[in-house]
Structures are given as structure tokens and as C-alpha cells.
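An overview of the molecular structure
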Amino acid sequence: MSWRRFWQRKRRDDDLAREIESYLAHEADLLVSRGLHDDEAAWAAHRKLGNRTMVKEKVWEMNSLQLLESIWQDLRYAARLLRTNPGFFAVATISLALGIGANTAIFQLLDAVRLRMLPVENPQQLVELKIAPNDHCCNGNFVDRRPNFTSAQWEQIRSRQQAFSSIFAWGDEQFKLTQSGPARFAEGLWVTGDYFKTLGVKPLIGRLIDSSDDVPGCGSSGAVIGYSFWQQHYGGDSGVLGKTILLDGHPFNITGVTPPNFFGVEVGRSFDVVLPACAEPLVAGKEASNSLHRHYWWLAIIGRLKPGWTLSRAIAQVQTISPGVFENTVPEAYRPEQAKYYAKYRLTALSAGSGVSSLRNNYEQPLLLLLGIAGLVLLIACANLANLTLARASVREREMAVRLAIGAGRNRLMRQLLSESLLLTVCGTALGILIANAICRYMVKFLTTQRNPIYLALSPDWRLLGFTAAVAVLTCVLFGLTPAIRATRTAPAGAMKAAGRGLTADRERFSLRRALVVAQVAMSLVLLAGALLFVRSLHNLLTLHAGLQQNGLLIMGVDLSELHYPPERRAVVYRDLLDQVRATPGVDLAATANIVPISGSGWNEMIQIPGVKSQRDMIPWFNRVSTEYFRTVGTSLLAGRDFDRHDTVSSPEVAIVNQEFSRKFLDGANPIGRQILLVVGPGEPQHQYQIVGLVKDSKYQDLHEDFKPLVYVAQSQDKDPYQGINVLMRSAVGAGPLTAALTRAAAKADPGLSIAFQSFGAQVRDSLLRDRLMATLSAFFGFLAASLATVGLYGVISYMVARRRGEIGIRMALGATRGGVMRLILKEAAALLIGGLVLGTVLAIAASRAATTLLYGLKPTDPSTMVMAVGLLAFVAMFASVLPAHRASRTEPMAALREE
């Protein structure tokens, strides 16, 4: 049934329904006027009015069924047409799938990292406490400290706060599941008693930690395990309750299992084991306990607002208690100027309904930028498909003209063409969802490292489904509506003429296709320039001379915390371990260090240098290393000497500094022989170091940073060594064969040592995850966009050659050469390409500023990058244009004229 006949039938049905309604209303009035008020007359009137409603409903039901039947016919016809054009169907579906899949994948990650609420009871009532900026702190930013609070601060806040019905603190931890040898870890949490109560989480089996467990010295309290850990290690056995689990060598009875959908409050991180915070001194020991030291920042705090309280009211309340909290929690080790600075801290509150996350801080901006990039890819795909659809519509213009001539309405034809677009969109969306799932899992795996496993809840929710539906509808409109309108504006009489190729409508259609190609080229240049920026930025980081030799360097982390050795015994173990490692076959050089470079860890101190006038802002970074450290990591010694066997706990303390230390604090003067005094708090031992060496600059915490002033002090002079140390080894032997020998060497030094291995090169690569992610995905999207733009340009030029075949034949019959014909076609392609490149250059310069903070060693408007992008896209596009130009130059004049 045609669209016109459908509406004619519908008008007839509506007229009939109005007539029936009028007649039945008249009958009801007549019954009333006759005075028939008995039950029989009233029932008759009601029945007639009911029949009227029934008739009307049936009429509308019939109209709806006819409409659905008509739409079903359109879809079946569209499916038959697409089946006869498998090449077009494949190109269209794959293009849409890549565009929709990329957008859905990036949005799904953004949803999981930023938008999604925690799977807990009434998450909108949760609030996180933080330290706010003030005139003396942080340059207007929050104190960049996570975890945010000390145990002393937590106790003060819990006793003074009035805004929350319940409140809890928690801290992250990794618990060792092994007692010696290669270490295996479980992701853990320390939580206070109201953790699960505040979140409204119920146990799957057993019981969870509550306020009864929140008492000092709660060593007998049990452990709660996560659902995934329960499944992996206990096979989902409900008899797990009461079993013992060893964590850092301490036994805990398992008391409960959490529900499967609960991962904690930190997005990007899940947990395996939860312990009450009051058991932390038992596990860590008094010396290393976080909770027993007032200057250890290890807790974060979240509360649930009381009924009727708002976030702004809570902020006002916690700011009121701030002076008392910080005045009563000043760490004893703080110097007077530090204590004065500390007392000016102020509390504030932030909404925590979507959780907290360090992953969010690192990847929110890259994900937003990638979402914009994926959106441009989708626009390019839509422009490409609109071009293809216009080409198909031009081939079908005779069909459209015939259907218009025999009475089909333009709306009916538009519905038919939009049905084809809708079918393509549905197929592309379905395939795109599969691609999105693959991309999401790849990105989570890409970001997961051995030291930092990433957990994200990627299950679909209403935001994701709504976003995908909106993208699908927008896609259908973008590439389907305009071609459909253009196709149905064909003049029937003109289209039926043989000479109809030169109609104005055809020229307008071709102008639209040119505009689409220009837009494709412009957007592709934006993406290609961005991809080159990120790839070159990553290349700058990977080829950066960081003052260290990455290749062949292996790290062995050593932990003594479970052995509870006194300081003097730890020093002996470290010395014996280093001797055993150096004697291991395959190890060329070895040294120990408290801090491994480019690990994110750091240690700084305020110092004074006698004889230097300005003593302000002298805060260099420190590391404690053994002899042979600089040779092992490949940092050159420029002057003075290395640490040696004469540097002992009884000899004067010595230090080695780097070039940046000399430049910043000594104006580039020779530092050898100068003294460094540590500014310490009351009751702390005084340290005075004599500088005995100068080394080349090297990166300390991160490759992105500028060189920092560094001070290296001797491991052999440490009177109170840490309970853990890192052994760095340089070897030409592969890590696999070497680790077994090193494990045996560690056992010889002390059988109770817990060790873990990592390649230094892998650690550096892990520190560049964000850069690698941006370079990888932007390069993929840039390549995809350039390919789509090239295909679009090729399609337009091929279409132009086909439409001008007769003209080309006449030109060649009149003496035009093959080279002249090729120049004519390439001139057309060059015009489109130049237009797109000019527009794209302007857009790329404007858009590149969004990537400023993600680049290293490059400006967003780097001229060489822009020239490379323009040259690469121009070369590929012109190469694609040569093919149809060559085909045009091979046209036989007589064959072309006969077609005319």
C-alpha cells in the first residue's frame, strides 16, 4: 500500500468514526428526552456509547496495523536492496560499526570512571572529606594527598563532626599471602567499624565488620573477603566461614563474604580482603604502623549525610571544627614553621556518590579527549556514507522518477529511503556494540599492570544504553536524511530524458558531495595531526636520555617486615644479600636503593648549606643507595668519588649530589667539600653530610618531570634501615633464567626473605600508560579517519569521471591528450583536497590546545607536526585520485560517444 493510499484510507475511516459517534450521541439524547430514566433505558444508552468507543478504538487499531504493515514492507524492501549490493552494505555497516563502537566504548569507560554511582544504598547521600585550599596552601587547589588523613585527625573528626549519621575511614593495603620466597599479594582494605553500615552493604554469607570490631588491639577480629577472591581461592565454598587466612604472616579467621556487585568506594580498584583498621598495628608492627604515628597520612574519610542535611551545610560544619582538628593533631616531629603551616589547613566536603578514584584524576581528561576524537570519526563515517547514499540515489533516480510519475508521494519515497538508512544503522549499531565491548576490555587490560590492577564495572546501564541509542539515531539522520530529501526532489520529466545527466539537481547533488568530501578531509586532518602529536610525544619520552640505562636492569624488591628484625640485624641481612646477588652467575653489577627511579616514590627534606645566603626553598629530593649504584643504573660520576667501604655508621656522613643541585642551590659552583644540614624537628637526630661526589642529572619520580635536585646518601651509614629494600642488578642474561638463581641467592642470605621481581624497562613503560594509550588510540582513529576521507575522495572523483564520460570522450575526439585528461581530473581532486586541508589546518590549530597537558617536548601548534599531517594526508588522497584519473585517460572516444 502506498503512502498516499494509506492516508486516503485513514481519512475515510476517521470520517466514518465521526459519523458513528454523532449518531450514538443523538440516540443517547433521545432516550433522555423521552423520560426513560429506568435501568433499561440507561443501560441501552451506555451500551450505545460503549459501542461508539469500541468502534473508534477499532478504527485506530486498524490504522496502526496498516502503518506497521507499511513500515515492515519498507524494511523488507530495503533488506532486499541491500542484499543485492553486498559491497555497499559491508562498507556501510563496518564504517558505522567502527564509529559507533568507538564512541560507545569510550563513553562506557567514561561512565564507569566518572558518571556511574556506587552500587550501594542511596549513594547520593555519601560525602568525602578533604583538606581545602587556603591562602597559605596549595595555590588554590586541594591538598594533593591520597590517602588524605592521619589516624589522629580521623579520631578528632569522628568525635567532633555533626553532619553525618555515620562515618568511616579506610586505607589501601597489599597483603602478602606467602611467608617466604616469591611473593603473592591480595588487594586489601583497612576499614573502621561503620564502613559497611554507612554504605548499606549486607553480607552474602556470614557477617561483616561492624562497630563491635572497632576497638584498640582488635587482633582477634576476623577478615571479610570479596566475592571474586572467594570464588577464585575457595571455589565459592559456603564452608569458608571460620577458615584461617594468612595475611603478612598473621592468621585471621574468615567471618564473611561481600556481595558480587560490591567493589568498595574507589573506582578502578577492587579488594580481596577487608580487615578492621584497629588490627593494623598488629600486622605492621609498632615501628612501621601507620596508626601509631601522627605524621603518617594513610586514611580517607566518607560519611552519610543526616536526614535534612545538604552538602553546603556539611561543608560549613566541618569548616567550623577545622581549627580544633588541626591544632590538636600537629605531629611531634614537625618543626615550628611546619606546625604553623599545618594549623592553617581547613576541611571541606565533596559529593562521593560516584566514588573516589586516582584513576579518574589520571584518565578523565584523556577519555574526554578520546570521546571527542571518536565523535569526529563517526562524523567522517557519516559523511562518507552520505556520499555513498547520494551516489546510489543518483543511480536510482529513474526508479524514483517512475514512482513519482505514477502517484507515489515524496513522503512515501523518503520513508523508503530512510528505512534503508535505519536498517544500516541497526546493523552497524549491533556490530558496534560488540566492537565496543572488545575495545573496553582491551583498554582495561592495557591499563592494568602487575603493581596496579584495574577493576571497572563495565556492565551496561541506562546512561550507556541512552548514549548508544542517541548516537544511532543521530547517525541515521546524519547520513540518511539529506540524501533522502535530495533523491525525492528529482523532476520526473527531466529524469526520464536521456540527457538528464546534466540537470541542475544533479549538479546540486554533486556540489553537496564535494562539500562532504571537504568536511571529511578537514576532520581527518584534525585527527591525523592529533595522532602525530601524541605519537611524537610518546617517542620523545621513550627516546629521552633520562640519565639512566634502562635495558638489562632488573629490580628485586625485598621485604623483611614479617621477620621483625632489629635495625642492626636488617643492615647485616642487606649486606649479605647484596654479596650473594653480586656473586650470582650472570649478574654483572648490583646495588641497593631505598627508592627505585621512575617508580613514583619520593623522599624530600628541607636543608641548609653553610655559606649560602638564601636558605629559602631548599628542599631537594633524597635517595639512600649502596656502593656501585651509579655504575649499575648507568649514571655518570662527573667529579669526586663514589661511596665505598670506608663509609660506615661510625664515620662522618657523606653525600653525592647531581648537577641540578649544584645549579639550583650553589649557582653552578663545584659542590665537592660543601656541607648539607638537614632541618629537623625537635627530638630528631641532627644529620650533617659532606658532599664527596657529583653525578649527572637523572629522572627521579617520573619521565615527564624536569630534572630535580637530588642528594644521594650512603646505605652503609643508615643506623635504622627500612624493613624493605630494592636490589638493582644489571645483567645480559634474560630475566627468566636469572630470577631462579636470584631466588636461591636470597634464600642463602635469609630463608625468610619475601621477594618480588620486575624489569626496570617494564616499570618505565608502566609509568607511560597514559601516553601510550593516547598514542595508540589516536593513531588508530587518525588512520581510520584518513582512510575514510581517502575513500570518500576516491568515490567523488570516480563519480565525477563516470558522469563526465561523454564530455571526456568529446575532448579526446577533439585532440585532448591522456595527460591533459589526467590533469583535468587531478585538478578537481586537488581543489577538494586543498579546501579540506585549509579548513582542517585552522580546526587542528584550534583543537590541539586541548591536548597541551598531555604532550611532552612538543607544543600543540608544532609546525613540523602540522606539515607532516598535511603532507601525509595530501599524498594518500592524491594517490587515491590518480586511479580514477588514469581510468578517465584510458577512455575510448567512440565508446563514450556511443553511450551518449
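Above this text you will find the structure in question.
Nothing here was measured: the structure is a model prediction, and the numbers come from that model.

**A few points about the overall build of the protein chain**
When helices and strands are tallied, the protein chain shows 25 helices and 22 strands. Evaluated residue by residue, the protein chain yields a buried proportion of 50% over its 900 residues. Intrachain contacts of the protein chain at a sequence separation of at least 6 include 80% that bridge at least 24 residues. Only carbon and sulfur atoms are counted for the fraction: they give 58% of the accessible area of the protein chain, which is about 41100 Å².

**Details of the pattern of salt bridges**
All told, the structure shown has 24 salt bridges when counted by the stated rule. Residue Asp 214 pairs with Arg 158 through a salt bridge whose shortest N-O separation is 3.1 Å. Of the two residues, Asp 214 sits in the loop between β5 (205-206) and β6 (223-225) while Arg 158 sits in helix α4 (residues 151-160), which places them 56 residues apart along the sequence. Residue classification places Asp 214 among the partly exposed residues on the basis of a relative accessible area of 24%. Among the salt bridges present, the one from Arg 536 reaches Asp 862, with a minimum N-O distance of 2.6 Å. You can see Arg 536 sitting in helix α15 (residues 504-542) and its partner Asp 862 sitting in the loop between α23 (818-847) and α24 (863-889), a full 326 residues away along the chain. Classification of Arg 536 as partly exposed rests on a relative accessible area of 25%. For Asp 862, a relative accessible area of 14% translates into the label buried. Several salt bridges share partner residues, and in doing so they unite Asp 111, Arg 116 and Arg 463 into one network.

**Observations regarding the packing of aromatic side chains**
Under the definition given, this model contains 25 aromatic pairs. For the pair Tyr 195 and Phe 262, a centre-to-centre distance of 6.4 Å together with 70° between the ring planes defines the contact as edge-to-face. Linking Tyr 195 in helix α5 (residues 195-199) with Phe 262 in the loop between β8 (250-257) and β9 (273-276), this pair joins segments that are 67 residues apart in sequence. Residues Tyr 195 and Phe 262 agree in their burial class; the two are buried. Cluster of aromatic residues (ring-pair linked, three or more members): Phe 168, Trp 170, Tyr 195, Phe 196, Phe 262 and Phe 271. In this structure, Lys 699 packs its charged tip against the face of Phe 707, placed 4.7 Å from the ring centre.

**Remarks on the nonpolar core**
Within the largest apolar cluster, 115 residues are counted, with the highest numbers of intra-cluster contacts made by Met 443, Leu 456, Phe 661 and Tyr 712. For this core, the element with the highest residue contribution is helix α10 (residues 358-395), accounting for 17 residues.

**Some points on unusual backbone geometry**
If you check the backbone angles, His 564 has positive phi at about 55° while not being a glycine. According to the relative accessible area criterion, His 564 is partly exposed, its value standing at 44%. Its identity as a non-glycine residue notwithstanding, Glu 628 has a phi of 70°, on the positive side. Look at Glu 628 and you get partly exposed, because its relative accessible area is 25%.

The rules behind each value
- Residues numbered from 1 in each chain as written.
- Predicted model: local features only at pLDDT ≥ 70, side-chain atom pairs only at ≥ 80, totals over all residues.
- Heavy atoms only, no water.
- Helix = DSSP H or I, 4+ residues; strand = E, 2+ residues; numbered from the N terminus.
- Buried < 20%, exposed > 50% of the residue type's maximum accessible area, 1.4 Å probe, protein only.
- Contact = heavy atoms within 4.5 Å.
- Areas by Shrake-Rupley, 256 points an atom, 1.4 Å probe, with all protein chains shown as cover.
- Salt bridge = Lys/Arg side-chain N within 4 Å of Asp/Glu carboxyl O.
- Phe/Tyr/Trp six-rings, centres within 6.5 Å; stacked < 30°, edge-to-face > 60°.
- Lys NZ or Arg CZ within 6 Å of the ring centre and 35° of its normal.
- Core = buried A, V, L, I, M, F, W, Y, C linked by side-chain atoms within 4.5 Å.

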